[in-house]
Amino acid sequence: MNKQEDKYKDVPIPDFKNLHFLQDHIKQTMAFYHPNCIDINNGFFQNFYNNGNIYNKKDRHLVSSCRFVFNYAMAAIEFNQTEYLKVIQQGIDYIETTHKNPKTGAYAWQLFNNKVTDDTNHCYGLAFVLLSHSLAFKAGITASKDKIEQVWQQLEKYFWDEKFGLYRDEYNANFTQLSDYRGQNANMHMCEAMLTAFEVTLDPKFLQRAYLIAHNITVRQAFMSDGLIWEHYTSNWKIDWHYNQDDSANLYRPWGYQPGHQTEWAKLLCILYRHQAENWMIERAQFLFNKAMEIAWDDLNGGIFYGFAPNEEICFSDKYFWVQAESFAAAALLALTTGKNSYWHWYQKIWSYCWTHMVDHQYGAWYFILDAKNNHYSDIKSPAGGKTDYHTMGSCYEVIKAIKLKESAL
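Given the structure is predicted, the values throughout are model-derived calculations rather than measurements.

Asker: What should I look at first to understand the nonpolar core in this one?
Answerer: In summary, soluble globular proteins display a tendency toward joint burial of nonpolar side chains. Counting 144 residues, the largest nonpolar core has Ile88, Tyr167, Met190, Trp265, Phe289, Tyr347 and Trp351 as the members making the most contacts within it. The leading source of residues in this core is helix α10 (residues 321-338), at 13 residues. When residues no more than four places from it in sequence are discounted, the contact partners of Met190 are Cys123, Leu126, Ala127, Leu130, Leu155, Tyr167 and Ile213.

Asker: What is the right way to look at the state of the cysteines in this model?
Answerer: Two cysteines form a disulfide when their sulfur atoms are joined by a covalent bond. Going through the model one piece at a time under the given rule, you end up with zero disulfides. With no disulfide of its own, Cys66 lies closest to Cys123 among cysteine sulfurs, the gap being 13 Å.

Asker: Help me understand the layout of surface pockets in this model?
Answerer: To find leftover empty space, a probe the size of one water molecule is rolled over the atoms. One number sums up the size of the largest pocket: a volume of about 490 Å³. Together, 26 residues line the largest pocket, and Met74, Glu199, Tyr397, Glu398 and Lys401 are the ones closest to its centre. Looking at the lining of the largest pocket, the elements with two or more residues in it are α2 (62-79), α4 (123-139), α6 (184-201), α8 (259-275) and α12 (390-409). Here the lining of the largest pocket takes ten residues from α12, the largest share from any one element. For the lining of the largest pocket, the class distribution of residues is 13 nonpolar, four polar and nine charged.

Asker: It is not clear to me how the packing of aromatic side chains should be interpreted in this structure. Could you clarify?
Answerer: The description of an aromatic ring pair rests on the distance of the ring centres and on the angle between the ring planes. Scanning the model with the defined rule gives 49 aromatic pairs in all. Its end group placed over the ring of Tyr181, Arg253 keeps NZ or CZ at 3.9 Å from the ring centre. The ring of Phe321 carries Lys387 above its face, with NZ or CZ at 5.2 Å from the centroid.

Asker: Any chance you could explain the environment of Asp226 here in plain terms?
Answerer: Checked against the element boundaries, Asp226 lands in the loop between α7 (204-223) and β10 (232-233). The class for Asp226 is exposed, based on a relative accessible area of 69%.

Asker: It is not clear to me how the side chain of Ser65 should be interpreted in this structure. Could you clarify?
Answerer: Following the sequence through the fold, Ser65 ends up in helix α2. Residue classification places Ser65 among the buried positions, given a relative accessible area of 2%. For Ser65, the side chain forms a polar contact with the side chain of Gln46, separated by 2.9 Å. Leave out the neighbours within four places in its chain, and Ser65 touches Phe44, Gln46, Tyr94, Ile95 and His99.

Asker: Please explain the sheet that holds strand β3 (residues 110-112) as it appears in this structure.
Answerer: Strands in a sheet are paired, the pairing made by backbone hydrogen bonds, and the direction either parallel or antiparallel. Across the sheet, which stays open at both edges, the three strands sit in the order β2-β3-β4 with antiparallel pairing between neighbours. In this open sheet, the two edge strands, each paired with only one partner strand, are β2 (59-61) and β4 (115-118). Ignoring strand direction, the axes of neighbouring strands in this sheet form an average angle of 35 degrees. Looking at chain direction, β3 and β4 are connected through three bridges and run antiparallel. Among the inter-strand pairings, Leu111 is bridged to a residue of β4, identified as Val116.

Asker: Is there a simple way to think about the side chain of Thr388 in this case?
Answerer: Among the structural elements, Thr388 can be located in the loop between β15 (380-382) and α12. Beyond its immediate stretch of four places on either side in the chain, Thr388 contacts Tyr33, Ser64, Arg67, Phe68, Asn71 and Met393.

Asker: Explain the packing of helix α5 (residues 144-159) against α7 here, please?
Answerer: Relative placement of two packed helices is described by the angle separating their axes and the distance separating the axes. Between α5 and α7, the least distance of the axes is 12 Å, while the angle of their chain directions is 40 degrees. Taken together, the axes of α5 and α7 lie oblique to each other. The handedness of the crossing between α5 and α7 comes out as left-handed. On α7, the residues touching Ile148, Glu149, Trp152 and Glu156 of α5 are Lys205, Phe206 and Arg209.

Asker: Is there a simple way to think about helix α1 (residues 19-33) in this case?
Answerer: Note that an α-helix has 3.6 residues per turn; residues three or four places apart therefore point the same way. The first and last C-alpha atoms of α1 sit 22 Å apart over 15 residues, in line with the 21 Å expected at 1.5 Å per residue. Of the residues making up α1, those classed as buried are Leu19, Phe21, Leu22, Gln23, His25, Ile26, Thr29, Met30, Phe32 and Tyr33. The backbone nitrogen of His20 has a side-chain oxygen 2.8 Å away, supplied by the residue at the start of α1, namely Asn18.

About the criteria used
- Residues numbered from 1 in each chain as written.
- Predicted model: local features only at pLDDT ≥ 70, side-chain atom pairs only at ≥ 80, totals over all residues.
- Heavy atoms only, no water.
- Core = buried A, V, L, I, M, F, W, Y, C linked by side-chain atoms within 4.5 Å.
- Buried < 20%, exposed > 50% of the residue type's maximum accessible area, 1.4 Å probe, protein only.
- Helix = DSSP H or I, 4+ residues; strand = E, 2+ residues; numbered from the N terminus.
- Contact = heavy atoms within 4.5 Å.
- Disulfide = S-S within 2.5 Å.
- 1 Å grid on protein atoms, 1.4 Å probe; cavity = no way out; pocket = protein on both sides within 12 Å on 5 of 7 lines; lining within 4 Å.
- Points joined across faces, edges and corners; volume = space filled by probe spheres on them.
- Nonpolar A, V, L, I, M, F, W, Y, C, P; charged D, E, K, R; others polar.
- Phe/Tyr/Trp six-rings, centres within 6.5 Å; stacked < 30°, edge-to-face > 60°.
- Lys NZ or Arg CZ within 6 Å of the ring centre and 35° of its normal.
- Polar contact = N/O pair within 3.5 Å; in protein donor to acceptor, adjacent residues only side chain to side chain.
- Pairing = 2+ DSSP bridges.
- Axes fitted to C-alpha atoms, helices over the stretch in contact; angles between N-to-C directions.
- Parallel < 35°, antiparallel > 145°, perpendicular 65-115°, else oblique.
- Left-handed = near helix turned anticlockwise from the far one by under 90°.
- Expected span 1.5 Å × (residues − 1).

This is the structure:
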């Protein structure tokens, strides 16, 4: 373990609510990746050291392929960077040719040297395919509009479970074998993708689906686990308390309650409330956020722990970048929606921690993982499938959007 230096402890604390600060931070984060991440005609490089050097040019992950499209599309939209359109198109082409199997329509989960190494069909992956096409279309890639509908149809055919009003998780390569596993994580990101697809297309079916997913996860399913959101379920959506019980650090399916997912759902509920305001959304959002901070905020060293057990003891004490980012976004949206200053207090507190420990002020972007005492484990900043700073930049975009909407309503 490499002990983190405190060389940034004297970096001035900015005004985290200032729109220019948030925009500049996005630009500085993008500068870590652009143009170094672009692999001409082959999507994006996805493995970076802290200093920006690429340590593996051949491993590719569907989630990262899609999230890089998100990064460039959002930047093109926010900053009118029309020169990014070619990069967005290249990223979309890679997803639709190299990841996609033309015979089955399936999107491969992992590649090596542009060859499929894991052809599992994950609903989680399709959520990001839908998200990337939605934002590509908004940025100006008109062909992505048809792809949005194609992904919707694939989801309806294989993944949507009408009986439970939620998405199934995983099929084999040819959609002939369905896993018994059910999880909230894929549904959470599908809710995010549906909200984005609705905002881009204004097709009400996407909003209706986002609403149904949100209610079924944050109300019906959460009722079975004391109001909090558990990660893992059986095929009939009963809680599986033991799935991955020996793996609290799993990147996509960790055991334990995830504070970052409680707050990420709080953020999504605030966005849903913007489109279809119902009181339960804000009541649930506040409960989820408040409980996550009560249990998982580290009073000693700052930051939010990765996971806690059903008895509310911390079961994994590392600090992940995305947990912090999603939480400051949730705090801001709750502050703007409820008018409660306590959420601005949390926004400031979380951002101050991130500014001191998670943001790399030398090379740019955010660090991936820190231990409980905010020390580094390695010099890897962004591994394939794990990080493209979609969470960090995405959270900044959400705060910018929410502040602008609030100001325009006054």
